[in-house]
Amino acid sequence: MSDKETLYQQRLKRYTTALRKGKPDCVPIRPFVAEFTAKYACMTCQEVSYDYRRAFEAALKCAADFDWDAVAASMVYVWTGLTHAVGLKYYGVPGIDIPADTGFQYREPPEDNAFMRSDEYEQLIADPTGFLFNVWLPRVSGDVSAAGQPVTFRSNLSFLKGGMAMMSYFHAFGPQIERLRRECGTVSAISGILKAPFDILADKLRGYLGLAMDLHERPGEVKRACEALMPHLLHVALSSADPARQVPIGLWMHRGCVPFISHDQFNSLYWPTLKPIIEELWRHGHQTMFYAEGRWLAHLDAFLELPEQSIVFHADQDDVFAVHKKIGHKFCISGGIPNYLLAYESPQAVRDFCKRVIDEVAFDGGYICDASAIMQNEVSIENIRAMTDYVRDYGQY
Amino acid sequence: MDESKQPTPKPGVCIPWEEKKKELPPIQGNEAQFRQVWQEVDGMAYTYIWHLLVSF
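Residues numbered from 1 in each chain as written. Chains lettered and ligands numbered in written order. Predicted model: local features only at pLDDT ≥ 70, side-chain atom pairs only at ≥ 80, totals over all residues.

All names here are of chain A. The topology assignment puts Arg-181 in helix H8 (residues 153–184). In sequence terms Arg-181 and Tyr-8 are 173 residues apart; their C-alpha atoms lie 6.3 Å from each other. In this view, Arg-181 contacts Tyr-8 and Thr-186; residues no more than four positions away in its chain are not counted. (Helix = DSSP H or I, 4+ residues; strand = E, 2+ residues; numbered from the N terminus. Contact = placed C-beta atoms within 7 Å.)

A word on unusual backbone geometry. Residues and elements named next belong to chain A. The amide bond that connects Val-258 to the next residue, Pro-259, takes the cis arrangement and shows omega of 10°. When you line up the elements, Pro-259 lands in the loop between strand E6 (249–253) and helix H12 (263–270). Although it is not a glycine, Lys-21 adopts a positive phi angle of roughly 70°. Turning to its location among the elements, Lys-21 is positioned in the loop between helix H1 (3–19) and helix H2 (35–40). The backbone of Arg-245 sits at a positive phi, close to 60°, despite the residue not being glycine. Within the fold, Arg-245 resides in the loop between helix H11 (219–240) and E6. Residue Arg-245 is classed as partly exposed on the basis of its C-beta count, with 13 C-beta atoms lying within 10 Å. (Buried ≥ 20, exposed ≤ 12 C-beta atoms within 10 Å, placed from the backbone.)

This part takes up the interface of chain B and chain A. In this complex, chain B contributes 15 residues to the contact, which on the side of chain A involves 23 residues. A class-by-class count of the residues in the side of chain B that touches chain A yields 11 nonpolar, four polar and no charged. (Nonpolar A, V, L, I, M, F, W, Y, C, P; charged D, E, K, R; others polar.)

This next bit is on the domain arrangement of chain A. Residues and elements named next belong to chain A. Domain annotation for chain A reports domain 1 (33–188) and domain 2 (189–335). The centre of domain 1, based on its C-alpha atoms, is set 22 Å off from the matching centre of domain 2. Among the secondary structure elements, those contributing two or more residues to the side of domain 1 that touches domain 2 are strand E1 (70–71), helix H6 (121–126), helix H7 (128–140) and strand E4 (187–188). The element that contributes the greatest number of residues to the side of domain 1 that touches domain 2 is H6, accounting for three residues. Split by residue class, the side of domain 1 that touches domain 2 holds 13 nonpolar, two polar and two charged. (Domains from an automatic or database assignment.)

The share of residues in chain B with pLDDT of 70 or more is 88%, and the mean pLDDT across the chain is 90. In the predicted assembly, ipTM is 0.96 and pTM is 0.96. (pLDDT = per-residue confidence, 0-100.)

What follows concerns the packing of helix H17 (residues 347–360) of chain A against helix H18 (residues 381–394) of chain A. Each packed pair of helices is defined by two parameters, the angle between the axes and the distance between the axes. Residue and element names in this part refer to chain A. At a closest axis distance of 9 Å, the pairing of H17 and H18 adopts a crossing angle of 35°. Handedness of the crossing formed by H17 with H18: right-handed. From H17, Pro-347, Val-350, Arg-351, Cys-354, Lys-355 and Ile-358 reach across to H18, where they touch Glu-382, Asn-383, Ala-386, Met-387, Tyr-390, Val-391 and Tyr-394. (Axes fitted to C-alpha atoms, helices over the stretch in contact; angles between N-to-C directions. Left-handed = near helix turned anticlockwise from the far one by under 90°.)

Residues and elements named next belong to chain A. The strand order across the open sheet formed by six strands is E5-E6-E7-E8-E9-E10, and the pairing between neighbours is parallel. Single-partner strands in this sheet number two, and they are strand E5 (193–194) and strand E10 (367–368). The pairing of strand E7 (residues 288–292) with strand E8 (residues 311–315) spans five bridges and is parallel. Opposite Met-289, over in E8, you have Val-312 as the bridge partner. (Pairing = 2+ DSSP bridges.)

Here it is as structure tokens:
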């Protein structure tokens with residue numbers, strides 16, 4: 001066995017032991033580094049977002065240089081070369097819409113011109129896939145012709161280029177994951193994607209403002225739309241999950257928590273249309289990583305309804321110590337190292353905070369070290385090195 | 001074809017094999033192979049639209 005393969009096996013064991021709430025040899029480090037990789041590899045945000053091969057190279061360079069157990073194959077996940085080919089309007093592309101060294105941005109649709117209208121719920125519910133092709137895509141793409149409109153060269157090309165680009169991109173992940181293993185001894189941290197039905201409605205269809213109004217004006221339709229999306233989102237998650245069932249599916253949680261919605265709306269709509277998906281994934285042997293962007297402390301009791309070890313809870317702006325006290329007996333916790341600390345404070349301040357996390361959260365296993373949020377290019381290289389070295393040294397069990 | 005009368009495709013499906021089969025003359029060969037390959041390629045179109053929605 002090569003040195004890299006030996007290292008890979010050590011790291012895989014360390015990472016998966018912690019995922020299952022166990023106590024490995026030391027605290028695993030799994031930083032979700034996005035535009036940070038560009039900074040470290042001396043590239044711009046434009047370079048890594050518009051050319052996924054550059055993003056892969058930057059991710060490999062970081063994995064080779066830092067003693068990290070697991071990373072995402074590329075955390076600059078949105079390849080804007082593909083979104084350009086499709087003609088998607090809802091991205092701010094670095095180097096075109098925004099400065100070349102700013103990470104790509106999502107654009108919220110205007111309330112009066114959302115990608116789905118408030119009177120179109122029944123159409124979505126009746127046939128979600130047909131709605132996406134026939135109604136949604138022509139609205140989110142500047143190139144795709146709507147039903148009944150003339151077929152155009154640009155419309156045809158959008159499907160051809162978009163389809164081939166997506167196939168090229170997705171097929172590139174296998175070799176990238178293999179290179180991470182062979183060249184760096186690093187584990188690919190996640191596999192598969194899931195979003196809550198509510199978040200899909202808010203992010204991509206009605207917009208947050210539109211959906212906020214719908215929750216009051218047509219709550220029944222909102223719930224039935226979420227229910228109609230559930231089997232499809234489950235299918236996407238299952239079909240992209242790790243066949244070996246070692247690493248979790250990423251659930252990217254956006255605006256389903258208070259104060260974006262009320263407690264009642266969480267309990268009657270968000271959670272009942274997400275929980276069954278998580279339970280079904282677990283029945284298939286797949287863990288889900290709750291990447292809980294924002295603050296979710298108000299909903300931890302609901303998450304405790306899930307089977308033990310079925311999720312990994314990633315603490316963003318929540319107090320990681322409070323999260324651990326509340327759900328650490330049942331689930332692995334990750335994250336909680338504040339991004340502002342990693343970006344703007346001293347290496348000693350980073351080490352001090354990491355010590356506290358190791359002492360109070362990681363002391364009995366079931367913790368994976370990471371920043372609170374995805375790390376973009378404001379994060380300091382010196383501080384990332386301080387976090388890595390300190391956790392590796394002090395985080396031995 | 002009145003597309004509004006079609007049944008709602010299940011997850012993973014854009015045009016069900018049963019719908020496609022109605023457009024074809026009687027199958028003389030191995031239907032199982034036709035079905036399998038149709039469904040595999042049809043599933044790619046499903047992957048395309050749902051990943052545009054969820055991943056991009």
